[in-house]
Amino acid sequence: MPRWNTKRSTQASIIATGGAIVVAITTACLLPFVPRVNQDGPVRVDPDWFTRALPAMYLCLAAGLAALVTLLVVLVAILHDEVFTTANVARLRAISWCGVAIALVCVVAGFATGAVIAWLVIALIAGFMALIMRIVKNVIDTARVLQEDADYTI
Amino acid sequence: MPITVNLDVVMARRRVGVGELAERVGITPANLSILKNDKARAIRFSTLEALCRELGCQPGDLLSYDEEETNDEH
C-alpha cells in the first residue's frame, strides 16, 4: 500500500476542491428548481422568499466558486513545489476577499430577505474563513521573504 | 542596501574570472555572480573567509558601507 505523504495529501486536497467546484456548479444549476421540488417535501420553502433570496445566493455562489478555483490553482502550484511565491500570496489574498464578499452579501441579504439568523451564521463562517485565509497569506508572505533571504545568502 | 559588494573591483585587480574563483572558493559560478552583481542579501563568514583567502584581501576590501544609500531608503 502506498505511504501517505505531503504530495498525496495535496492531491487529495485537489480532488476535494475539484469536488467542491462540481457541487457549487451543480447547486447553481439546480437552485431555481428548489421551491418547485420542495413544494410537497419535508422541508417547505416559501417560493416568494426564495425568489427574493436567489440573487444573494448566486452572488455567494459566484464568490465561492471564484475562491474554490483560486484555491485549486494554489494547490496545483504547491504540487509543483511553488509554495512561497508572490503569486500564491496574491491568490490567498483574493480567496480572503472572496470570503469577505460572501460575508457582506449574507449580512445584506439577511436584513433584506428576512431569516436574519441563518444568513448571519453563514456570514460569520465566511468572515472567519476570510480571517484564516488572511493569516495563512501573511504566514506564506513572511516565509517567502525568509526563503528569498536564504536563497540570496551566499 | 547601504552595504555594497566590491567583489567585481577586486576580481578585476587580481585578473581572476568568475568560473576560476568560484571553483577555488567552493561555490557555484551562479552564486558568485549574484555576489559580484551585488544582488546577495547576506554573505556567510565561511564564504567571506574563502574569498579573502583566495583573493589575498581583507573583508573591508570586498564590502563597503554607503551612508547616503541608507538615508535614501528612509
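Residues numbered from 1 in each chain as written. Chains lettered and ligands numbered in written order. Predicted model: local features only at pLDDT ≥ 70, side-chain atom pairs only at ≥ 80, totals over all residues. Heavy atoms only, no water.

1. Details of the overall build of chain B
Defined as follows: Where helices and strands are cited, they refer to DSSP runs of H or I of at least four residues and of E of at least two residues respectively, numbered from the N terminus. For every residue, the accessible area obtained with a 1.4 Å probe (protein chains only) is divided by the maximum for its type, and the residue is called buried under 20%, exposed over 50%, and partly exposed between those limits. Pairs of residues are marked as contacts when any of their non-hydrogen atoms sit within 4.5 Å. Methods summary: accessible areas were calculated by the Shrake-Rupley approach with a probe of 1.4 Å, and residue burial reflects only the protein chains presented. Only four residue types enter the tally: Lys and Arg on the positive side, Asp and Glu on the negative side; His and the chain ends are excluded. Note on charges: their place is set at NZ of Lys, CZ of Arg, CG of Asp or CD of Glu.
Within chain B, the secondary structure is distributed over six helices and two strands. Starting at the N terminus and walking to the C terminus, you meet the elements of chain B as β-α-α-α-α-α-β-α. Projected onto the principal axes, the alpha-carbon positions of chain B cover approximately 40 × 20 × 20 Å. When the 74 residues of chain B are sorted by exposure, 34% land in the buried category. Contacts spanning at least 24 positions in sequence make up 63% of the contacts within chain B whose residues lie at least 6 apart. With the model as given, the accessible surface of chain B reaches about 4800 Å², and the carbon-plus-sulfur share is 48%. Between the centroid of the 9 positive side chains of chain B and the centroid of its 13 negative side chains there is a distance of 8 Å.

2. A few points about a nonpolar patch on the surface
Spelled out, the test is: Residues enter patches when their relative accessible area tops 30% and they take part in no salt bridge; the joining distance is 9 Å for like charges and 5 Å for the nonpolar side chains Val, Leu, Ile, Met, Phe, Trp and Tyr. The salt bridge criterion pairs a side-chain nitrogen of Lys or Arg with a carboxyl oxygen of Asp or Glu, the two atoms within 4 Å.
Judged by side-chain polarity, Phe-128, Leu-131, Ile-132, Ile-135, Val-136 and Val-139 of chain A come together as a nonpolar surface patch covering roughly 540 Å² of accessible area. Looking at where Val-139 of chain A falls in the secondary structure, it is placed in helix H5 (residues 116-151).

3. Concerning helix H3 (residues 47-79) of chain A
Basically, it comes down to this: By this rule, a helix spans an expected 1.5 Å times one less than how many residues it contains. To get the bend at a residue, fit one axis to the 7 residues ending there and another to the 7 starting there, then take the angle between the axes.
Counted at 1.5 Å a residue, the expected span for H3 of chain A with its 33 residues is 48 Å, and the 45 Å between its end C-alpha atoms agrees. At Ala-53 of chain A, H3 of chain A shows its maximal bend, which comes to roughly 40°, and the proline Pro-55 of chain A appears one to four places after that position.

4. Some words on helix H3 (residues 29-36) of chain B
All names here are of chain B. The test is simple: The arc refers to the directions leading from the helix axis to the C-beta atoms.
Among the residues of H3, those classed as buried are Leu-32, Ile-34 and Leu-35. The buried residues of H3 occupy an angular sector of 155° when the element is viewed end-on, so they sit on one face. Looking at the packing, one finds that the buried side of H3 touches strand S1 (3-5), helix H1 (7-14), helix H2 (18-25) and helix H4 (45-55). Positioned one or two residues after H3, Asp-38 has a phi angle of 65°, which is positive.

Just geometry here; none of it tells us what the structure is for.
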